[in-house]
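Summary of the model geometry
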Protein chains: 2
Amino acid sequence: MSGRSQTIAETLTRAIIDHRLVPGCKLGERELAEIFDVSRIVVRQALIRLADDGLAQIERNRGAFVARPSMQEALEIYDALTLVEQGVAAQLSDRLGPAGWAELRHHVERQRQAVAAGNDALADVLGQEFHTVFVRLSRNKVMQEIHAQLVRRTTLLRSLITADFDYCNLLDDHSRVVDLLEKGRLKQAMDLIDTHHRTVVRGYIMDREVFPELTPAEALAPYLDGKAEGATTAVPLARPAKAPGDAATHLHIHLPKKDPAPASRASTKKTNRGLQS
Amino acid sequence: MSGRSQTIAETLTRAIIDHRLVPGCKLGERELAEIFDVSRIVVRQALIRLADDGLAQIERNRGAFVARPSMQEALEIYDALTLVEQGVAAQLSDRLGPAGWAELRHHVERQRQAVAAGNDALADVLGQEFHTVFVRLSRNKVMQEIHAQLVRRTTLLRSLITADFDYCNLLDDHSRVVDLLEKGRLKQAMDLIDTHHRTVVRGYIMDREVFPELTPAEALAPYLDGKAEGATTAVPLARPAKAPGDAATHLHIHLPKKDPAPASRASTKKTNRGLQS
DNA sequence: ACCACAAGATTGGATATCAATCAATAAGTT
DNA sequence: AACTTATTGATTGATATCCAATCTTGTGGT
């Protein structure tokens, strides 16, 4: 693409949405420059991109930090997300052809199979992807980018909450939305989208104080395999979930810190599956 | 705020939405560095911000240019804008209190008076501002920023078209939208918003070849009055339309070039008033 | 315990320099 | 003359070094 700062911004974005860099984490210029083996200026350009995206905030003479959205901002992000997806739903109910409906159904089916097979990691990814596919079918790249940015920001919020109730009732929402839309029941579909997001955000209890985390060097290590491939698409596209074992333990590092009990991993998985769908 | 690059990015943005820098215009790093009396690095950071905002595009090893949206992108931008404003309309019809309706009516009334007084410049500004006020009443800053970005990008499109039919029938749309919304006729209001934007974009005939323009130095000169005040808000807020004579002749420099007749200024004004409302 | 001041660290920015790439001209060939 | 190729020039991407302003921290005195 455009240069190293773009690549670095994408890597940092990936690390943030993978919850390896949590809100509030300091993103020091010198530190990142050493990690990525570039000059401070390139890092700064990457940080500017992140800040424009809402994923980082730069405080003058204090440096850049992973953004720590307030509860108010969380509500606004989900409000905006609801607005966008409702609007797209309205467009699709008019304009979507059979191939589009088939793609949505196929996606839902894949997620259902993943759930049935107990592959929680895959179900997580597919659950997130559904929203992306949904918006992509609007064939509006501008809208896609807006939506993708909002989704990225919601992943920030998931590091800031303690969710301990059951989200399983949300798992079928995707399927029901497709059903309602294809049957032309637009109003009901829009209400369901609204409820879907409202149920998620209602579970948000933000305790924004303590967040122990990995150092940036540890967090970013998995993305820096081969420097030769770093310039291509290999590193940004590599999902740490594919790395067996290692990534899984780090993925929700903030929860083990809050709840020292090692048995918390299974329940964490379940909770996050609901959150991401 | 954050530093000089932020200020420079805002100045460039202002120059672009004032049509002093037109799509395709080269934004050379060295040139801008001399104009703003900063180093190339700061300029590049500003250009990155502009590119992230969709107002500039950076081509590797070729430099930055004011973005030249395609017809497809123009349609997508207006589609997204329609979606956002329809969604906000739906929210406002539920949640907006009497004070909000009063503010909308007051704004429409101010625009009506400006039109009646023949103050086309003020009517232009108020016509644009209505959409901004409308979205602001949603009390969602995230949505506001998304909408503001879309609006900025539509101003780019206005440099790329030749509009020679009458837009006067759109001048009352704002008032009618407020009326319909306050009466609870949401569906009709949303349809009117859709029609409003569709009518605008339907007049777009993009002839994207020839665009003679001011040099960046000439275009940016009005924003660089006092360097002492440059860091504050004085310069970015100064609208060149307030500068008597000089700015008006430059404002739509692309039209005089296409139509050498010097009498074109009055008709140009009228056309743009419709476009911006 | 509390405040003031000094030292250190970090950011924001400037300057100079270098390599890589693109554009445009000049040269040579058919 | 037209076309292709090579050289030159200009611009960008990036680095290293340096400096000023600001923030943080730690120390010392009251």
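Residues numbered from 1 in each chain as written. Chains lettered and ligands numbered in written order. Predicted model: local features only at pLDDT ≥ 70, side-chain atom pairs only at ≥ 80, totals over all residues. Heavy atoms only, no water.

**Things to note about the protein's contact with DNA strand C**
Lining the immediate surroundings of DNA strand C are 19 residues, of which R4(B), S39(B), V42(B), N61(B) and R62(B) lie closest. In the environment of DNA strand C, a phosphate oxygen lies 2.9 Å from a nitrogen or oxygen atom belonging to the side chain of E29(A). Within the contact set of DNA strand C, a base nitrogen lies 3.4 Å away from a side-chain nitrogen or oxygen of R44(A). Within the surface near DNA strand C, the residues separate by chemical class into four nonpolar, six polar and nine charged. (Near = heavy atom within 4 Å. Polar contact = N/O pair within 3.5 Å; in protein donor to acceptor, adjacent residues only side chain to side chain. Nonpolar A, V, L, I, M, F, W, Y, C, P; charged D, E, K, R; others polar.)

**A closer look at the relation of the copies chain A and chain B**
Of the transformation superimposing chain A on chain B, the axial component is 0.0 Å and the angular component is 180°, with the fit at an RMSD of 0.0 Å. This pairing of chains is accounted for by a two-fold axis. Most of the interface of chain A is mirrored in chain B, where 100% of its interface residues again form contacts. (Least-squares fit on C-alpha atoms with pLDDT ≥ 70 in both. Contact = heavy atoms within 4.5 Å.)

**With respect to the domain arrangement of chain A**
Residue and element names in this part refer to chain A. Partitioning chain A into structural domains gives domain 1 (1-68 + 210-238) and domain 2 (71-202). Together, the buried faces of domain 1 and domain 2 total about 980 Å²; carbon and sulfur atoms form 66% of this surface. Among the elements that line the side of domain 1 that touches domain 2, the one with the most residues is helix α1 (residues 4-17), at three residues. Residues belonging to the side of domain 1 that touches domain 2 are distributed by class as follows: seven nonpolar, three polar and three charged. (Domains from an automatic or database assignment. Buried area = accessible area lost by both parts, 1.4 Å probe. Helix = DSSP H or I, 4+ residues; strand = E, 2+ residues; numbered from the N terminus.)

**Focus on the sheet that holds strand β1 (residues 26-27) of chain B**
The strands making up a sheet are joined through hydrogen bonds of the backbone, oriented either antiparallel or parallel. Residue and element names in this part refer to chain B. Taken in spatial order, the three strands line up as β1-β3-β2 in an open sheet, and their pairing is antiparallel. Each having just a single partner strand, β1 and β2 (56-59) make up the two edges of the open sheet. Relative to strand β3 (residues 63-66), β1 is paired through two bridges, and the arrangement is antiparallel. Bridge pairing in β3 links L27 to A64. (Pairing = 2+ DSSP bridges.)

**Structural notes on the pattern of salt bridges**
Applying the stated criterion to the full structure yields 30 salt bridges over all chains. Salt-bridge contacts for E29(A) lead to R44(A); the nearest nitrogen and oxygen are separated by 3.1 Å. Of this pair, E29(A) sits in helix α2 (residues 29-36) while R44(A) sits in helix α3 (residues 40-52), and the two are 15 residues apart along the sequence. The partner of R198(B) in a salt bridge is D194(B), and the shortest N-O contact between them spans 3.0 Å. Linking R198(B) with D194(B), this pair stays in helix α9 (residues 186-202), spanning four residues, or about one helical turn. For D194(B), a relative accessible area of 21% corresponds to the partly exposed category. Through salt bridges with shared partners, a single ionic network connects E29(A), R40(A) and R44(A). (Salt bridge = Lys/Arg side-chain N within 4 Å of Asp/Glu carboxyl O. Buried < 20%, exposed > 50% of the residue type's maximum accessible area, 1.4 Å probe, protein only.)

**Describing the protein's contact with DNA strand D**
Taken together, 18 residues are adjacent to DNA strand D, and R4(A), S39(A), N61(A), R62(A) and R44(B) come closest. R62(A) places a side-chain nitrogen or oxygen 2.4 Å from a phosphate oxygen of DNA strand D. Elements that contribute at least two residues to the surface near DNA strand D include exactly α3 of chain A together with α2 (29-36) and α3 (40-52) of chain B. Its residues assigned to classes, the surface near DNA strand D shows four nonpolar, six polar and eight charged.

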